[in-house]
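Report on the structure
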Amino acid sequence: MSSTAEPATSRPERTWLVSEHLDDVLGRLRPLDPIELRLLEAQGCVLVEDVTVPVALPPFDNSSMDGYAVRVADVAAASEEFPAVLTVIGDIAAGSGDLPRVGPGEAARIMTGAPLPPGAEAVVPVEWTDGGSGGGPASGMLAHSAAPEGAGGEVRVHRPAAARAHVRARGSDVGAGELALRAGTVLGAPQISLLAAIGRATVRVRPRPRVVVLSTGSELVPPGEPLGPGQIYDSNSFALAAAARDAGAIAYRVGAVTDDAATLRATIEDQLIRADLLVTSGGVSVGAYDVVKEALTGLGDDADGVRFRKLAMQPGKPQGFGFVGEGGRDRAPLLALPGNPVSAYVSFELFVRPAIRTLMGVEPVHRTVVSAVCPEGVASSLPGRRQYLRGRYDADENAVTPIGGSGSHLVKALAHANALIVLPEETTSLEPGGTVDVVLLD
């Protein structure tokens, strides 16, 4: 008996679980190589080394107030009725290097941040004095350029000051040799401030990934231009570029590419020079004009070129992943997402965001997931697929409410959602008051 083998093209395509596809994506990515960057260029990047403090911060005792540097004994008995009268020997401004010595019965006018002069033990705020005017309590100091005589004469102090009052001690912020920032820290404004304060001009980090976002579809028109028959505005490239920035990447949005395989292939090849990751939307299903599959065939090595697969999820069933380029610096991973706006965004949150965070080498890779009550329940869910519904999560009540329908084109509902409600593959409905996993999007 003879038999004929079934052609490979007629065999049923395997359906991947969400976890399988995610593991395949993250398992083939590695964090970007570290580089040395100047401070502002390093904003949003991840430290790859511990940073220690070379010198104490602050590096010297300094005043925390505008006022007068004094000896404690000279103002111990000061009061409104019997002020201490001190001789003003000069000014000490921030940045002063040549400091006068404060002796018995003397005071030096001192500004915030200025070094405490020798002999002085405390700072009396200017509001506790007459400011050298000979009158009542002062509300502030006149500018030195307008009243240089304020650096001399006498000052009346109306209140006593304890030792070290209004003095910021050397090393009170951080001492020399102490750990300033640990490896793995994401550099925001406060961290950059600390690095600058301890004298670091550059820092070694993993750079923010450069993510190139492309939409495909001849029907797409940029916002702001008139629509022709059968056309719609391109929202995906804006949404995905914004989401990439939110994840920590540097995003480059490329205008929508028409449904032409050669044009799409040329566009991708042109973008490789500036891409650590490419993200496309649209053209990954089974239609006659889904050109992404056609365009990407042959762009990568046989072993790791882009592969397209069906996932057991709703929305976002068709997905693609692999590497494009000839190798070296021009070789980059590519994630091909479906074209419906909700499908594209959900796919980004599940697969692209973790990929970006993996390239950055930063934790957490995934969004926070919590268990919450769903008071309204869900009437039906497709069996065999993991469903992701848009929802509004109330942290105070630990409750989530579905928003809008399940259609993958309903952008308005997505704009008002702050969470994704996750219904597992085996769940076909959820009773009111049931508990579900919720992916937080804020």
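Pairing is antiparallel across the open sheet formed by three strands, whose spatial order is S2-S13-S3. Each edge of the open sheet is held by one strand with a lone partner, namely strand S2 (35–38) and strand S3 (46–47). Bridge count between S2 and strand S13 (residues 202–206): four bridges; the pairing is antiparallel. Within S13, the position partnered with Ile 35 by the bridge is Val 205.

Looking now at the confidence of the model for the protein chain. Summarising the model, the protein chain shows a mean pLDDT of 90, and 91% of its residues fall at 70 or more. The weakest mean pLDDT in the protein chain belongs to helix H6 (residues 291–296) at 83; the strongest belongs to S2 at 98. Confidence drops under a pLDDT of 50 for residues 1–10, and excluding neighbours within four residues, the segment shows one contact in the predicted structure.

In this description, an aromatic ring pair is defined by two values, namely the gap between the centres and the angle between the planes. Tallying each qualifying case throughout the model produces one aromatic pair. A cation over an aromatic ring shows up here: Arg 331 above the ring of Phe 323, its NZ or CZ 4.3 Å from the ring centre.

With respect to the helices and strands, Thr 427 occurs in the loop between strand S26 (419–423) and strand S27 (434–440). If sequence neighbours within four positions are ignored, Thr 427 has contacts with Ser 381 and Leu 382.

Further remarks concern the environment of Thr 267. Within the secondary structure layout, Thr 267 lies in helix H5 (residues 261–271). Note on Thr 267: relative accessible area 17%, which makes it buried. Between the C-alpha atom of Thr 267 and that of Leu 214, which follows or precedes it by 53 residues, the distance is 9.0 Å. Those residues in contact with Thr 267, other than ones at most four positions away along the chain, are Leu 214, Val 254 and Val 257.

Counting residues in hydrophobic clusters, the biggest one holds 44 residues, and the most contacted among them are Val 211, Leu 277, Met 313, Leu 335, Phe 348, Val 352 and Ile 356. Every element with two or more residues in this core is listed here: helix H1 (18–27), strand S14 (210–216), helix H4 (236–247), strand S18 (277–281), strand S21 (318–324), strand S22 (332–337), helix H7 (341–360) and S26. Broken down by element, the residue count for this core peaks at eleven residues, all from H7. Sequence-distant contacts of Val 211, that is, excluding residues within four places in its chain, are made with Ala 244, Ala 249, Ile 250, Ala 251, Tyr 252, Leu 277, Val 279 and Ile 356. Leu 214, Leu 272, Ala 332 and Ala 336 belong to the second-largest nonpolar core, a separate cluster that totals 20 residues.

One number sums up the size of the second largest pocket: a volume of about 470 Å³. Lining the second largest pocket are 27 residues, with Asn 236, Pro 338, Gly 339, Asn 340 and Pro 341 sitting closest to its centre. At the level of elements, S14, strand S16 (232–233) and H7 are the ones that each hand at least two residues to the lining of the second largest pocket. In terms of residue class, the lining of the second largest pocket is built from eight nonpolar, 14 polar and five charged.

The rules behind the values
Residues numbered from 1 in each chain as written. Predicted model: local features only at pLDDT ≥ 70, side-chain atom pairs only at ≥ 80, totals over all residues. Heavy atoms only, no water. Pairing = 2+ DSSP bridges. Helix = DSSP H or I, 4+ residues; strand = E, 2+ residues; numbered from the N terminus. pLDDT = per-residue confidence, 0-100. Contact = heavy atoms within 4.5 Å. Phe/Tyr/Trp six-rings, centres within 6.5 Å; stacked < 30°, edge-to-face > 60°. Lys NZ or Arg CZ within 6 Å of the ring centre and 35° of its normal. Buried < 20%, exposed > 50% of the residue type's maximum accessible area, 1.4 Å probe, protein only. Core = buried A, V, L, I, M, F, W, Y, C linked by side-chain atoms within 4.5 Å. 1 Å grid on protein atoms, 1.4 Å probe; cavity = no way out; pocket = protein on both sides within 12 Å on 5 of 7 lines; lining within 4 Å. Points joined across faces, edges and corners; volume = space filled by probe spheres on them. Nonpolar A, V, L, I, M, F, W, Y, C, P; charged D, E, K, R; others polar.

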